[in-house]
Amino acid sequence: MRTDILKGRGATLTLHTWSLSVEEQFYLFWPAFLLLVGRISQKVLLIALLIVVFGSFAACFHLTYGKQAWAFYLAPPRGWEFGLGALIATRPFEDWMRQPGSSRLIVGWLSFAVLILSFFAIDGFMPFPGVVAMVPVFATALLLLTGDDPAGPSALLRMRPFQFFGARSYAIYLWHWPIAVLGTVLVGGTALAHCLFFAMTVVLSSLSFAWLERPIRSSYWLAQRSVRSIAMGGALTLIATVAGVLSFTIAQYVTNAAQAAIVASTSKFSLASESGCLAGFTTPKPIRCVFGPSNYTKTIVLLGDSHADQWTTALAAIAEQKGWRLITYLRASCPVADIPISKVYSLRLRRLSTQCASWREQAIAKIKNQDTPDAILLAQFSSGNVKGPFTNLGPHAVSVETWERGLFRALKELEPLGVKLIVLRDNPTPYHPVGNCLARAEWRGLPFSTCSRSLSLTISDEVFEAEQRVVSSINNARMIDLTSSICTDLVCPAIRDGIVVYRDANHLTVDFTLLLKDRLAADLTAAL
């Protein structure tokens, strides 16, 4: 598995420790900052705090809409959240907190209500942190400012359930992620499984709180000399590091052949991806890549998103075999269909992908002015963009009618070239991580067929029919449908002819696309 949190890729058992890194960096910076600035005057300190908070938030806001993973994981753009907590501890805010009256109570209960509502209102489609993070952060700050008034929210927060989870919140945070990640791989992500994960998290965090966290924090022996605490922290860090390295090393040798084969197949990336030809989520300009022999007889242009990219290894092999030149224009999460900018949403960026339309226009312009192709092959994650059971775009998915009009506009723009326009029907979508399912089935001794899906649950006839209508209305256009080679009459297997079919929840493995190479070559030859 590839893991690169700044590219939003990969999930490990320790991914959540990024927040500890941000926290420790803050603890290193903040005391030095207060010592330097606080010596001057309280007024200068307040101004400096405001500059740090607003500067950090400005960076956070900018990165959230450009490099969202950077805004989420790096310390500088998250520093304003810590800084706001320091800011409310300054004298102007303390003076307000000491004032009598009902205004503090109103602010306290309102902030408490906003904090609870934000838990339900903020979802994965919102650009986070950015402006969205202001809601829970400011609500928490205002809640803290209201103090310990018995008529305020603190009366509710002093109740035993809140105190129980509050005292163990640090341990709960440390335990919850590895339990959820490992548990999902081993037993799946059902509602019952998540209830079990929650219970395990509470139990294990309570045990570690009682037997490890509290004894260390209240240790008289450690408190006597700071060097003891430092030595203890260093020793625990060393032990954890050694344990992690040993676990990783041992895992390389205890993984059986079947598990290793599943990992190897689902970890391969296409030729275009490995060659840097798949433009990223924020790349504004098309990347033109060329494959095939220099003495080519035909030129095929591949235009599309990652569902076009998945075929590049097989297409490059076909190009070498047939004496064709293959030119690719590929961009992740950017459909070829010319749908409105307000509808092109990137889950990875947590925002609208405004560069997609510009990228498409530039790619088509390059094809028209530079490539002189014999055929243009279009492939895209159709069902993933259209409302229905196969998309995870939620309210940002488009209707079938919008998709149909968008594909028509794209093909109509290419029609004047007078070349063959070939639309590759999108592959059936299992809509669950097949690699994880196969590994779990092997580990539990279950047949691999448990990871297969009924054909009717993996394809959208409505989308296919809409695309067929578009293709039939465009001169020199035709469609290639490989569904019968991917699935049987009734089932889309997770493994076919001994090859893992899917790399994840919707992409085909490189190995399987190579298995379909001859079928794809025959269909392309017939289309030409």
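Residues numbered from 1 in each chain as written. Predicted model: local features only at pLDDT ≥ 70, side-chain atom pairs only at ≥ 80, totals over all residues. Heavy atoms only, no water.

### What about the nonpolar core?
One broad trend across soluble globular proteins is that nonpolar side chains are buried collectively.
Part 1 of the reasoning: Counting 44 residues, the largest nonpolar core has Trp311, Leu315, Leu326, Leu377, Ile486 and Leu524 as the members making the most contacts within it.
Part 2 of the reasoning: For this core, the secondary-structure elements that each account for two or more residues are β2 (288–291), β3 (298–304), α17 (312–322), β4 (324–331), β7 (375–379), β8 (420–424), α21 (434–444) and α25 (517–527).
Part 3 of the reasoning: When sequence neighbours within four positions are dropped, the list of residues in contact with Leu377 reads Ile300, Val301, Leu302, Leu303, Leu315, Ile422, Leu424 and Leu524.
Part 4 of the reasoning: In terms of nonpolar packing, the next biggest core, distinct from the first, is built from 36 residues, Val344, Trp359, Ile376 and Ala410 among them. (Core = buried A, V, L, I, M, F, W, Y, C linked by side-chain atoms within 4.5 Å. Buried < 20%, exposed > 50% of the residue type's maximum accessible area, 1.4 Å probe, protein only. Helix = DSSP H or I, 4+ residues; strand = E, 2+ residues; numbered from the N terminus. Contact = heavy atoms within 4.5 Å.)

### A word on the state of the cysteines
Part 1 of the reasoning: Scanning the entire structure with this criterion turns up four disulfides.
Part 2 of the reasoning: Paired through a disulfide, Cys277 and Cys289 show a sulfur-sulfur distance of 2.0 Å. The sign of the S-S torsion, about -95 degrees, decides the handedness of the disulfide formed by Cys277 and Cys289: left-handed. Remark: Cys289 occurs in strand β2 and Cys277 occurs in the loop between α15 (271–274) and β1 (278–279); sequence separation between them is twelve residues. Of the two residues examined, Cys277 and Cys289, each falls in the buried class.
Part 3 of the reasoning: What pairs with Cys487 in a disulfide is Cys492, and their sulfur atoms sit 2.0 Å apart. Between Cys487 and Cys492 the sulfur-sulfur dihedral comes to about 95 degrees; the bridge is accordingly right-handed.
Part 4 of the reasoning: With relative accessibility at 1%, the residue Cys487 sits in the buried group.
Part 5 of the reasoning: Using a relative accessible area of 3% as the deciding quantity, one classes Cys492 as buried.
Part 6 of the reasoning: In the protein, the cysteines engaged in disulfides, taken in order along the sequence, are linked 1-2, 3-4, 5-6, 7-8. (Disulfide = S-S within 2.5 Å.)

### So, a nonpolar patch on the surface
Part 1 of the reasoning: A surface patch of nonpolar side chains, amounting to about 560 Å² of accessible area, comprises Leu212, Ile216, Trp221, Met232, Leu236 and Ile239.
Part 2 of the reasoning: Every element with two or more residues in the nonpolar patch is listed here: α11 (191–217) and α13 (226–254).
Part 3 of the reasoning: Per-element tally for the nonpolar patch: the top contributor is α13, with three residues.
Part 4 of the reasoning: With respect to the helices and strands, Met232 occurs in helix α13. (Patch = residues over 30% accessible without salt bridge, like charges linked within 9 Å, V, L, I, M, F, W, Y side chains within 5 Å. Areas by Shrake-Rupley, 256 points an atom, 1.4 Å probe, with all protein chains shown as cover. Salt bridge = Lys/Arg side-chain N within 4 Å of Asp/Glu carboxyl O.)

### Quick word on the pairing of β3
Part 1 of the reasoning: Where burial is concerned, most of β3 is hidden: six out of the seven residues are buried.
Part 2 of the reasoning: Alignment of β3 against β4, held across seven bridges, turns out to be parallel. Looking across to β4, one finds that Leu302 is bridged to Thr328.
Part 3 of the reasoning: Looking at chain direction, β3 and β7 are connected through five bridges and run parallel. Each residue of the ladder has a partner; that of Leu303, found in β7, is Leu378. (Pairing = 2+ DSSP bridges.)

### Section: the packing of aromatic side chains
Part 1 of the reasoning: Taken as a whole and assessed by the stated rule, the structure comprises 19 aromatic pairs.
Part 2 of the reasoning: Pairing Phe164 with Phe165 gives two aromatic rings, centres 5.2 Å apart and planes at 85 degrees, and the pair type is edge-to-face.
Part 3 of the reasoning: On the basis of relative accessible area, Phe164 is assigned to the partly exposed category, the value being 30%.
Part 4 of the reasoning: Among the residues examined, Phe165 registers a relative accessible area of 34% and is labelled partly exposed.
Part 5 of the reasoning: Consider the rings of Phe165 and Phe198, whose centres lie 6.5 Å apart with planes at 25 degrees: the pair is stacked. Taken together, the residues Phe165 in helix α9 (residues 160–167) and Phe198 in helix α11 connect sequence positions 33 residues apart. (Phe/Tyr/Trp six-rings, centres within 6.5 Å; stacked < 30°, edge-to-face > 60°.)

### A look at empty space enclosed by the protein
Part 1 of the reasoning: The full count for this structure, using the stated rule, is four cavities of 30 Å³ or more.
Part 2 of the reasoning: Of the pockets and cavities examined, the largest cavity occupies roughly 110 Å³.
Part 3 of the reasoning: Mapped by element, the contributors of at least two residues to the lining of the largest cavity are α19 (382–385) and α22 (461–472).
Part 4 of the reasoning: With three residues, the single largest contributor to the lining of the largest cavity is α22. (1 Å grid on protein atoms, 1.4 Å probe; cavity = no way out; pocket = protein on both sides within 12 Å on 5 of 7 lines; lining within 4 Å. Points joined across faces, edges and corners; volume = space filled by probe spheres on them.)

### Comments concerning the packing of α9 against α11
Part 1 of the reasoning: Axis separation between α9 and α11 bottoms out at 10 Å; the angle between their running directions is 70 degrees. In terms of axis orientation, α9 runs roughly perpendicular to α11. In contact with Phe164, Phe165 and Ala167 of α9, α11 contributes Phe198, Val202, Ser206, Phe209 and Glu213. (Axes fitted to C-alpha atoms, helices over the stretch in contact; angles between N-to-C directions. Parallel < 35°, antiparallel > 145°, perpendicular 65-115°, else oblique.)

### Section: the pattern of salt bridges
Part 1 of the reasoning: Summed over the entire model, instances satisfying the criterion amount to 13 salt bridges.
Part 2 of the reasoning: Here Glu213 and Arg217 are joined by a salt bridge, their closest N and O atoms 3.0 Å apart. Here the residue Glu213 and the residue Arg217 both occupy positions in helix α11, the gap between them amounting to four residues, near one helical turn.
Part 3 of the reasoning: On the basis of relative accessible area, Glu213 is assigned to the buried category, the value being 17%.

### Topic: the environment of Gly189
Part 1 of the reasoning: For Gly189, the location among the structural elements is in the loop between α10 (169–187) and α11.
Part 2 of the reasoning: On the accessibility criterion, Gly189 (47% relative accessible area) is partly exposed.
Part 3 of the reasoning: Setting aside anything within four residues of it in sequence, one finds Gly189 in contact with Thr184 and His194.

### Quick look at a negative patch on the surface
Part 1 of the reasoning: A cluster of acidic residues, Glu401, Asp461, Glu462 and Glu465, forms a negative patch on the protein surface.
Part 2 of the reasoning: Mapping Glu465 onto the fold places it in helix α22. (Lys, Arg positive; Asp, Glu negative; His and termini not counted. Charge placed at Lys NZ, Arg CZ, Asp CG, Glu CD.)

### Some thoughts on unusual backbone geometry
Part 1 of the reasoning: Here the bond from Phe128 into Pro129 is cis, since omega is 10 degrees, no more than 30 degrees from zero.
Part 2 of the reasoning: With respect to the helices, strands and loops of the structure, Pro129 is situated in the loop between α6 (103–121) and α7 (130–145).
Part 3 of the reasoning: The backbone of Thr372 shows a phi angle near 40 degrees, a positive value even though the residue is not glycine.
Part 4 of the reasoning: Among the secondary structure elements, Thr372 is positioned in the loop between α18 (355–371) and β7.
Part 5 of the reasoning: Classification of Thr372 by relative accessible area gives exposed; the value is 63%.

### Quick word on the environment of Asn256
Part 1 of the reasoning: Counting through the fold element by element, Asn256 comes out in the loop between α13 and α14 (257–267).
Part 2 of the reasoning: Its relative accessible area of 34% is what places Asn256 among the partly exposed residues.
Part 3 of the reasoning: A polar atom in the side chain of Asn256 sits 3.2 Å from the backbone nitrogen of Ala258. (Polar contact = N/O pair within 3.5 Å; in protein donor to acceptor, adjacent residues only side chain to side chain.)

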